[in-house]
Amino acid sequence: QVQLVESGGGSVQAGGSLRLSCAASGSIASTYNMGWYRQAPGNQRELVATVSFDARTNYADSVKGRFDISRDNAKNTVYLQMNSLKPEDTAVYYCNLENLRLGVFRNNYWGQGTQVTVSS
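Just so you know, these numbers come straight off a predicted model, no measurement behind them.

Trainee: So what exactly am I meant to see when it comes to the state of the cysteines here?
Mentor: Put plainly, two cysteines are in a disulfide when a covalent bond ties their sulfur atoms together. Per the stated rule, a full pass over the model turns up one disulfide. Note that cysteine 22 is cross-linked by a disulfide to cysteine 95, the S-S spacing being 2.1 Å. Its torsion about the S-S bond being -85°, the disulfide of cysteine 22 and cysteine 95 is classed as left-handed. In this pair, cysteine 22 is assigned in strand S3 (residues 18-26) and cysteine 95 in strand S9 (residues 91-101), connecting sequence segments 73 residues apart.

And the structure:
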């Protein structure tokens, strides 16, 4: 099992910034991808950003240029720096970890979610 502990959510006014953190522990493979997803009320969970085991990043079009994902492999932690926040960024943000084996998906885990609220 893998445990993911998220922190850094909160309330902010439009234009503000927040930094989310997610620390992983437990049965983490030697190679793994990490990412952030979000779910707003009435909507499906959607990808925000991912960072692969070899540091390749991917962003949803809606956050490109505003959000930055990074990881600290020594700490098994992924970060999401969110700038120029908009009310439509309001959602519960979930951390995800994908364990890989020989480059192939093995299993994945989710954090409990952290609320981000952006007021206009």
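Trainee: Please explain the packing of aromatic side chains as it appears in this structure.
Mentor: Each aromatic ring pair is described using two quantities: the centre-to-centre distance and the angle formed by the ring planes. Using the criterion set out here, one finds one aromatic pair in the structure. Residues tyrosine 37 and tryptophan 110 carry aromatic rings whose centres are separated by 5.0 Å and whose planes lie at 70° to one another, so their mutual orientation is edge-to-face. Linking tyrosine 37 in strand S4 (residues 31-39) with tryptophan 110 in strand S10 (residues 104-110), this pair joins segments that are 73 residues apart in sequence. Over the ring of tyrosine 32 we find arginine 71, and its NZ or CZ is 4.4 Å from the ring centre.

Thresholds applied
- Residues numbered from 1 in each chain as written.
- Predicted model: local features only at pLDDT ≥ 70, side-chain atom pairs only at ≥ 80, totals over all residues.
- Heavy atoms only, no water.
- Disulfide = S-S within 2.5 Å.
- Helix = DSSP H or I, 4+ residues; strand = E, 2+ residues; numbered from the N terminus.
- Phe/Tyr/Trp six-rings, centres within 6.5 Å; stacked < 30°, edge-to-face > 60°.
- Lys NZ or Arg CZ within 6 Å of the ring centre and 35° of its normal.

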